[in-house]
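# Observations on the model geometry
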Amino acid sequence: MLEPELGSSAGQRLGAPETMAISTLDPGHKPPVMPPGRHVTVRVRMLDDTEELFDISQRASGKVLFDLVCTHLNLVEGDYFGLEFQDHRKMTVWLDHLKPIAKQIRRPKHTVLRFVVKFFPPDHAQLLEELTRYLFALQIKYDLACGRLTCNDSSAALLVSHIIQSEIGDFEETQCRQHLLNNSYIPDQMALIDKIMEFHHKHMGHTPAESDFQLLEVARRLEMYGIRLHPAKDREGTKLSLGVAHTGVLVFQGHTKINAFNWSKVRKLSFKRKRFLIKLRPDLNSAYQDTLEFLMGSRDCCKVFWKICVEYHAFFRLFEEPKPKPKPVLFSRGSSFRFSGRTQKQVIDYVKDTEFKKIPFERKHSRAQYNSNLSPLPSLRSEVPKEQSASYTARERSHSPSKHHWKEPALVSAEDSPAHRTRASPSAQANGREERPRDGGRAAAAVAAAGGRHQAAEQLSTEPGSSSPRLPGAARGMVNGHRPAKGGGGHSPDGRPPSPLTSPLLNDAAARTDDEDEARRKRFPTDKAYFIAKELLTTERTYLKDLEVITVSFQSMLEKEEATPDSLKNVILSNFDPLYKFHTGFLREVEQRLALWEGRSNAHIKGDYQRIGDVMLKNIQGLKPMACHLQQQAEMLRELEKACRASRRLEGLCRDLELQKACYVPLNVFLLRPLHRLLHYKQILERLCKHYPSAHPDYKDCRAALEDVSEMVSQLHGSMIKTENYQKLLELKKDLIGTDSLATAGREFIRLGCLSKLSGKGLQQRMFFLFNDVLLYTSRGMTATNQFKVHGQLSLHGMTIRESEEEWGVPHAFTLVGQRQSVVVAASSLSEMEKWMEDIKMAVDKAEMSNGLTSVPLASSLNDHKSAEDSALEQESEDDLSASRTSLERQGPHRGNTMVHVCWHRNTSVSMLDYNMAVENQLSGNLLRKFKNSNGWQKLWVVFTNFSLFFYKTHQDDYPLASLPLLGYSVTIPSDSENIHKDYVFKLHFKSHVYYFRSESEYSFERWMEVIRSATVSGGRGAASGRKDAQAH
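Residues numbered from 1 in each chain as written. Predicted model: local features only at pLDDT ≥ 70, side-chain atom pairs only at ≥ 80, totals over all residues. Heavy atoms only, no water.

## A word on helix H8 (residues 208-219)
Formally: Per the convention used, a helix needs a DSSP run of H or I reaching at least four residues, while a strand needs a run of E reaching at least two, with both numbered from the N terminus. Multiplying 1.5 Å by the residue count of a helix minus one yields the expected span of that helix. Exposed residues in this analysis have more than 50% of their type's maximum accessible area, buried residues have under 20%, and partly exposed residues fall in between, with area computed by a 1.4 Å probe over protein chains only. Contacts are residue-level and defined by heavy atoms, with any inter-residue pair within 4.5 Å sufficient.
Helix length check: H8 (twelve residues) gives 16 Å between terminal C-alpha atoms against 16 Å at 1.5 Å per residue, within 8%. Within H8 the residues assigned to the buried category are Pro 208, Ala 209, Glu 210, Ser 211, Asp 212, Phe 213, Gln 214, Leu 215, Leu 216, Glu 217, Val 218 and Ala 219. Of the surrounding elements, those touching the buried residues of H8 are helix H4 (130-146), helix H5 (153-168) and helix H15 (566-597).

## Brief notes about unusual backbone geometry
Of note, the phi angle at Lys 90 is positive, near 65°, even though the residue is not glycine. Along the chain, Lys 90 falls in the loop between strand S3 (81-86) and strand S4 (92-94). Although it is not a glycine, Tyr 984 adopts a positive phi angle of roughly 60°. When its relative accessible area of 33% is taken as the criterion, Tyr 984 is described as partly exposed.

## Some thoughts on the sheet that holds strand S30 (residues 985-990)
Sheets are built from strands that pair by backbone hydrogen bonding, the pairs being arranged parallel or antiparallel. Using the following cut-off: Think of it this way: DSSP has to see at least two bridges between two strands before they count as a pair. For helices, the axis comes from a line fit to the C-alpha atoms of the stretch in contact; other axes are also lines fit to C-alpha atoms, and the angle between any two N-to-C directions lies between 0 and 180 degrees.
If you trace the seven strands from one edge of the open sheet to the other, you get S28-S27-S26-S25-S31-S30-S29, paired in antiparallel fashion. One side of each edge strand has no neighbouring strand; the edge strands of this open sheet are strand S28 (962-965) and strand S29 (970-972). Recorded for the sheet is a direction-independent mean angle of 35° between the axes of neighbouring strands. Where helix H14 (residues 528-560) meets the sheet, it contacts strand S25 (923-931) and strand S26 (938-945), and its direction lies at approximately 95° from that of S25.

## Re the packing of aromatic side chains
As a reminder, the rule being used: Only rings of Phe, Tyr and Trp enter the pairing, Trp through its six-membered ring, and a pair is recorded when the two centres are within 6.5 Å. The plane angle decides the type: under 30 degrees is stacked, over 60 is edge-to-face, the rest tilted. A positively charged side chain is recorded as over a ring if its NZ (Lys) or CZ (Arg) lies within 6 Å of the ring centre. The angle to the ring normal must also be within 35 degrees.
Within this structure, the stated rule accounts for 35 aromatic pairs. Taken together through their ring pairs, the aromatic side chains of Phe 66, Tyr 80, Phe 81, Phe 115, Phe 119, Phe 120, Phe 136, Tyr 225, Tyr 312, Phe 315 and Phe 316 make up a single cluster. One cation-aromatic arrangement involves Arg 114 over Tyr 142; the distance from NZ or CZ to the ring centre is 4.6 Å. The positively charged end of Arg 929 is found above the aromatic ring belonging to Phe 951, 5.4 Å away from the centroid.

## Focus on the environment of Val 910
Along the polypeptide, Val 910 turns up in strand S24 (residues 909-911). When its relative accessible area of 1% is taken as the criterion, Val 910 is described as buried. Once you skip the residues sitting within four places of it in the chain, Val 910 turns out to touch Phe 749, Arg 751, Leu 752, Cys 903, Tyr 915 and Phe 947.

## Some words on the confidence of the model for the protein
Applied cut-off: By definition, pLDDT measures how confident the predictor is in each residue, and it falls between 0 and 100.
The predicted model of the protein has a mean per-residue pLDDT of 75, with 70% of residues at 70 or higher. With pLDDT under 50 throughout, residues 1-29 is counted as low confidence; its partners more than four residues away or in other chains account for 82 contacts. Scored below 50 in pLDDT, residues 368-522 makes 383 contacts in the model with residues more than four places away or belonging to other chains.

## Thoughts on the packing of helix H17 (residues 613-623) against helix H23 (residues 699-735)
Filter applied, for reference: For classification, angles of less than 35 degrees are called roughly parallel, those exceeding 145 degrees roughly antiparallel, those between 65 and 115 degrees roughly perpendicular, and all remaining angles oblique. Two helices that cross are described as forming a left-handed crossing if the nearer one is turned anticlockwise from the farther one by less than a right angle, and a right-handed crossing if clockwise. Residue polarity follows a fixed list, in which Ala, Val, Leu, Ile, Met, Phe, Trp, Tyr, Cys and Pro are nonpolar, Asp, Glu, Lys and Arg are charged, and the others, Gly among them, are polar.
Direction vectors running N to C along H17 and H23 enclose 25°, while the axes themselves pass 8 Å from each other. In this view, H17 runs roughly parallel relative to H23, as classed from their interaxial angle. Of the two elements, H17 crosses H23, and the hand of that crossing is left-handed. Contact residues: H17 offers Gly 613, Asp 614, Met 616, Leu 617, Ile 620, Gln 621 and Leu 623, while H23 offers Asp 701, Cys 702, Ala 704, Ala 705, Asp 708, Val 709 and Met 712. Along the lines of polarity and charge, the residues of the contact of H17 with H23 split into nine nonpolar, two polar and three charged.

## What to know about the nonpolar core
The following threshold applies: Joining through side-chain atoms within 4.5 Å is the link that ties buried Ala, Val, Leu, Ile, Met, Phe, Trp, Tyr and Cys residues into a set, and such a set is a nonpolar core.
Residues Leu 65, Phe 81, Phe 115, Phe 276 and Ile 278 are the most contacted members of the largest nonpolar core, which totals 104 residues. Ranked by residues supplied to this core, first place goes to helix H9 (residues 299-317) with ten residues. Look past the residues within four positions of Leu 65 in its chain and what remains in contact with it is Val 42, Phe 54, Ile 56, Leu 83, Leu 95, Ile 101 and Leu 113. The next biggest cluster of nonpolar side chains, apart from the first, holds 74 residues, and it includes Leu 617, Val 665, Leu 688 and Phe 950.

## Some points on the pairing of strand S20 (residues 788-795)
Burial runs high along S20: six of the eight residues are buried. Where strand S16 (residues 736-737) lies against S20, two bridges are found, and the strand directions are parallel. Following the sheet pairing, Leu 736 is matched in S20 by Phe 788. Sheet analysis places strand S19 (residues 774-780) next to S20, joined by seven bridges and oriented antiparallel. Bridge assignment links Leu 776 to a residue of S20, and that residue is Gln 793.

## Describing the pattern of salt bridges
Close approach of charged atoms allows side chains of opposite charge to pair. Where we set the bar: Any Lys or Arg side-chain nitrogen found within 4 Å of a carboxyl oxygen on Asp or Glu counts as a salt bridge.
A complete count under the given rule lists 42 salt bridges for this structure. Taking the shortest distance from any N to any O, the salt bridge between Glu 1000 and Lys 534 comes out at 3.0 Å. Within this pair, whereas Glu 1000 is found in the loop between strand S31 (993-998) and helix H29 (1002-1016), its partner Lys 534 is found in helix H14, the two being separated by 466 residues in sequence. Owing to a relative accessible area of 19%, Lys 534 belongs among the buried residues under this scheme.

## Section: the sheet that holds strand S9 (residues 256-262)
What the seven strands build is an open sheet, ordered S9-S8-S7-S6-S12-S11-S10; its pairing is antiparallel. The two strands at the open ends of the sheet, each matched to only one other strand, are S9 and strand S10 (266-272). Neighbour-to-neighbour, the strand axes of the sheet open up by a mean angle of 35°, direction not taken into account. For strand S6 (residues 230-233) and strand S12 (residues 291-296), the ladder comprises two bridges, and the chain directions are antiparallel. What sits directly across from Ala 232, in S12, is Met 296. Its contacts with the sheet place H9 against S6, strand S7 (239-244), strand S8 (248-253), S10, strand S11 (275-280) and S12, and it is angled at close to 155° to S10.

This is how it looks when you write it as structure tokens:
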């Protein structure tokens, strides 16, 4: 048995920096020292079904073995993976990182551990290394073959098409068909061959890395993605299965998910004998009881599932590894098990923040040409000393046809030997010094004989005609002091091509310059153009989610409702479905381009993908023929309003839809999103053109795209203004009681806000609504819908206005003198008074020049009197508006969080010009949030729209966790006394409520400051109209 050399790690012998590939250790730390004691050989089966042998001490913990495997693979994001094995009870369990291996594996020589994916993130874009995504793709391939990842035929065919695109390259009918006949990727594959080939034909030009990316994109949307089923029964004895995912605990019947318990709803998970218990947080709206009970096969089954639930919760929900509990002095109660390792947040932060020397992983086709003598999965086998090779070779095994194992055709072709290929890991070999080649050859693992250290010559590991993905090659070292015979290329002694799973090294290591080293140390691009392109990506994700509210939720509601007119169904279906399909493809292209730009493959070295103008130009030109759909937005609003007036039931269904959490802004706003998106494209392209010099290769495409989108905006500008006004009138109608026909032709909304009205009983808070023909004043009613009751109206014809602060002795007071009535009101500040007076004077001038619209018909008396609810008006505390830590996590009642109510509580106002500016200033992206008295930062996906910040856990979430209306807030930069020692931090504060937000770059920091200021600082009409005119031109 070869003794490992403790002085160096496998990563160091392969030329990797000291902090590279030590997955679960902090930066700068070395792998744990191997404890003394008798050594045993542990067999680990990798994701390509090859086996590695690791020589470790029996006293070593599971973490030592896991770190050796990650170091061997040069895997940085190893925390997503784990080692599983069958214990003495024939149960599949995970290797515990904290316990000694001897206490977990009773017979190491007869136990095979599998290196597999343990934690499946909701978005593969969170996997920052291409090697990690490749390993995930192998896991998906395995789950498909063994029947664990179930899906419909169309999805299965699409998944297989991406797999074979990564293996054999572009579609060629004969080659593709022969490959599918010789290799089985899914059960009953023969029936789907034609569909697979049809999909494969559409992937022309996709690189293996792009195919892996698309494979994960399809797989992550499947219901069974990353799910391992644990058999159970409910209290009635119904057979079920339990699973765990990043969201929480899932319940399945067969392969159909029937229930889900989000982590936020689960208070405690426990087990007692065979019973698995889920204790839920109290919820008055839930039909479930406080504690749910499931019966599993045994206590051990309960414990295994409970452990993986604990680990999933800690990995995805916690910021850092939980600290161990202190040991009890006398008696212990319950399990001492805890999650060990970094959480997902720590992994992502480590990869982003650590400036390690990035070793590119060049993903190539598994086969450049079809060859029936090659296995579709290259071997991991490495050359070992011939005297030792027999002891390091696994016995041949036959492949079981059972669905629980890889089917043989998925591993080897018909002529390939079923012998299992094994290689000794670097930890089981004597260590040798490296000698880097000067000819640019590829470095690989150095292997030395047992007699001592020998220098290893490393050469390019890929032979012409062979097409292994260019991770590491097989070892080309000095064996027993002699150089191996030439002509072997990079193959191992049995002629197999090298595996794509060993440590990836550079093939130009000797020729690299200091400038290249510096460029590689930077994990992400720093060019402003990259962050502008990233804004396009983040806002496009939000836009597509908004379209889904219409194409999925709203359309399904219309289809089920018989009273829905066909004209409404047709106009929604014909306009939104083509737009959703188009933008789905656009988002996919942007994601792929950003992935390449960020360096998730080697394309960023050439710089071919550090641009976005070509993608924008192509898709803007593709969007131009759809301008007819964008012109139908006003018609859709009118059709919907007409249908709701004709059917009380449909009106109630629309109201119920707005009650759903996914409908985070009014339904009419979602209908206008396509028009808003054009303005965003124009702004993004304007910033790119301003940033680029005219000689930049991306400038020409950006300029052409800007001209195209500007032409579309100018054509739609007039109808866009009218449609926005009509939508706002319809929205205000829902907030008011006492008006019958607010949305009258020719009426324009100008401003709404809170003013104090002077009456015989003093100043009373009232809500004023200014239109181009009338001024309404209302009070907040104590109804279930929190609507505002109209108290009176003032016609603008012949109205005069004057300041009256000195006359009444009330600060910021002014008097409105109408033809039949005068009203004295006071604003909350001088700036508010100036805005109201300016807008009212402008509205009076418009009314004088108009044809004389009739005043708003009111259903009740217009005499200004003290209503019963006026005496019961209560000023809600700011905490009720999601402005404290606890309230930020709950949603307000329906129609209690609209802009009208926010203005009421914040004692401020907002104009139609402010709304128009808010439409243009929408933004999405990740921010770190910190409360005033908290220590840590919480990463959230944040959407700014409609004068509010909406907080999500990730961009895939269907609805926000909470919202923060920004009217009345101030945005500043923290002072030194606040001890916020971080870059790109801005501060939001209103009265005693303070939040800190941290962005990832200077550009994103400036953008967030810009859009938030547009909501928190409402400018005067002159300034706002100036901005509007500038953008119109």
